[in-house]
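Here is how the chains run, residue by residue.
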Amino acid sequence: MSNVRRFAAVNTKIKSMVGKLLTHEDYLNMLTLGSEKEIFDYLNEETYYSNIFKDLNEDEYSIANVESHIKNYIITLYKKINCFITGNYQKLFRLLMKRYEAEDIKAFLRGLILNQDISELYLEYPNASFYSKLDYRELSSCTEVSEFVEMLKDTLYYKVLKLYLSEEKERMLFYMEMNIDRVYFSKLSVEISKFKGDEKPIFEILQMNIDFLNFQWIYRGRKFYKLSSEEVLNYTLPNGHFLNYDLLKKLSYADDEEVLFELMTKTHYKKLFSHDTNTELYLERDMDRYLYKHFLRSERESNLNMITVVTFTHRLEFEMRDLFTMIEAKHYGVPPEEIKEYLIRVI
């Protein structure tokens, strides 16, 4: 079957969904609002998100509740897309969705390691069965990290997580989160590498994401956790795009933060490191904007193929994260002009 026939239906479906994404005007309108409650009202009255708040009573409009509803709404859209994809393409799509399982596992672990009550955390993931076979209710019943890890015995993450149960808590969380990502992206890289020709840009953009994750881990591992250069290098992810092993080694062995950033100005990503706002916060934002721009460019330049699907899933992801940023910033009274600086979409 040709790609035109294979992707005609899913592209038609995605086209209708794109029309329901938030507009530039929606972003501007929400930035002018005075509180998170006003953003909830705007979403409910002026946008397609109104459909997801029907079961919420007035007294249930908390940040956590609204964010949970938004995330689960986006998962329902992914479920609809999945119905139109077949064969290896569906296998890839389901693996992309597994990223949510990886993030959920990290959320459970973070709660346990920080001695938080996770007994009702499963309620935030009503659509988890779409991307995970884990029993989230059972996971939420855990009170110890070791108990939680044992429940992951049949997953890809079990062996690597078990290695760090004896670490002190702060390092335990760092090591576990790094290894969850390492396992996930290693598997994703293998699957993505099967796609050639017109669909190769999918592989390249996700490889760029691996580059960015590697830089952030090197930076944080050295700065906040005081890990040795050897240890940092050992935990970098394979199969990046422009940051090969030799470059990762130089970055891992950089004398300090200044040298680390200077080395990055000599790579393909030099534009991201050539200005004066190289704080961790803005750098992460710039990396997300970089990926967002490349997804949109690849979609414009592609024919009917998997790029349209992957781009749309990331547009949804970025929009969700921007919404969460605006809601939480309004809660803390951050001025509109400052909120703009934290958004992935340039406003």
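You'll find the structure just up there.
Below is a short write-up of the structure. (Residues numbered from 1 in each chain as written. Predicted model: local features only at pLDDT ≥ 70, side-chain atom pairs only at ≥ 80, totals over all residues. Heavy atoms only, no water.)

## Digging into the layout of surface pockets
Applied cut-off: The pocket and cavity definitions rest on a 1 Å grid over protein atoms only: a 1.4 Å probe that fits but cannot leave marks a cavity, an open set with protein on both sides within 12 Å along at least five of seven lines marks a pocket, and residues lining either have an atom within 4 Å of a point. Grid points are joined across faces, edges and corners, and a volume is the space filled by probe spheres set on the points. What counts as a helix is a DSSP run of H or I of at least four residues, what counts as a strand is a run of E of at least two, and both are numbered from the N terminus. As a working rule, the residues Ala, Val, Leu, Ile, Met, Phe, Trp, Tyr, Cys and Pro are called nonpolar, Asp, Glu, Lys and Arg charged, and the rest polar, with Gly in that last group.
In this model, the second largest pocket occupies a volume close to 460 Å³. Lining the second largest pocket are 18 residues; nearest its centre among them are Leu95, Lys98, Glu101, Tyr131 and Lys187. Here the element with the most residues in the lining of the second largest pocket is helix H5 (residues 87–113); it accounts for 5 residues. Looking at the lining of the second largest pocket, its residues break down into 7 nonpolar, 3 polar and 8 charged.

## What to know about the pattern of salt bridges
Formally: One speaks of a salt bridge when a side-chain nitrogen belonging to Lys or Arg is within 4 Å of a carboxyl oxygen belonging to Asp or Glu. The buried label goes to any residue with under 20% of its type's maximum accessible area, the exposed label to any with over 50%, and the partly exposed label to all in between, with areas taken from a 1.4 Å probe on protein chains only.
Tallied over the entire structure, the rule returns 18 salt bridges. When the shortest N-O distance is used, the salt bridge between Arg99 and Glu103 registers 2.9 Å. Linking Arg99 with Glu103, this pair stays in helix H5, spanning 4 residues, or about one helical turn. Using a relative accessible area of 31% as the deciding quantity, one classes Glu103 as partly exposed. The shortest N-O distance in the salt bridge between Glu150 and Lys162 comes to 3.6 Å.

## Points about a positive patch on the surface
How we decide: The residues that make up patches have over 30% relative accessible area and no salt bridge, and they are joined within 9 Å when like-charged or within 5 Å when they are Val, Leu, Ile, Met, Phe, Trp or Tyr. Using the Shrake-Rupley algorithm and a 1.4 Å probe, accessible areas are obtained, with residue cover drawn only from the displayed protein chains. When charges are counted, Lys and Arg are positive and Asp and Glu negative, with His and the chain ends excluded. Charge coordinates come from a single atom per side chain, which is NZ of Lys, CZ of Arg, CG of Asp or CD of Glu.
On the surface, Lys270, Lys271, Lys293, Arg297 and Arg300 cluster together to form a positively charged patch. When you line up the elements, Lys270 lands in the loop between helix H13 (257–264) and helix H14 (280–301). When its relative accessible area of 47% is taken as the criterion, Lys270 is described as partly exposed.

## Side note on the environment of Glu38
As a reminder of what qualifies: For this analysis, a polar contact is any N or O atom pair within 3.5 Å, provided that within protein one partner can donate a hydrogen and the other can accept it, and provided that sequence-adjacent residues contribute only side-chain to side-chain pairs.
Relative to the elements of secondary structure, Glu38 occurs in helix H3 (residues 36–46). Overall, the relative accessible area of 37% leaves Glu38 in the partly exposed class. Along the sequence, Glu38 and Ile327 sit 289 residues apart, while their C-alpha atoms lie 9.4 Å from each other. A distance of 2.9 Å separates a polar side-chain atom of Glu38 from the backbone nitrogen of Gly34.

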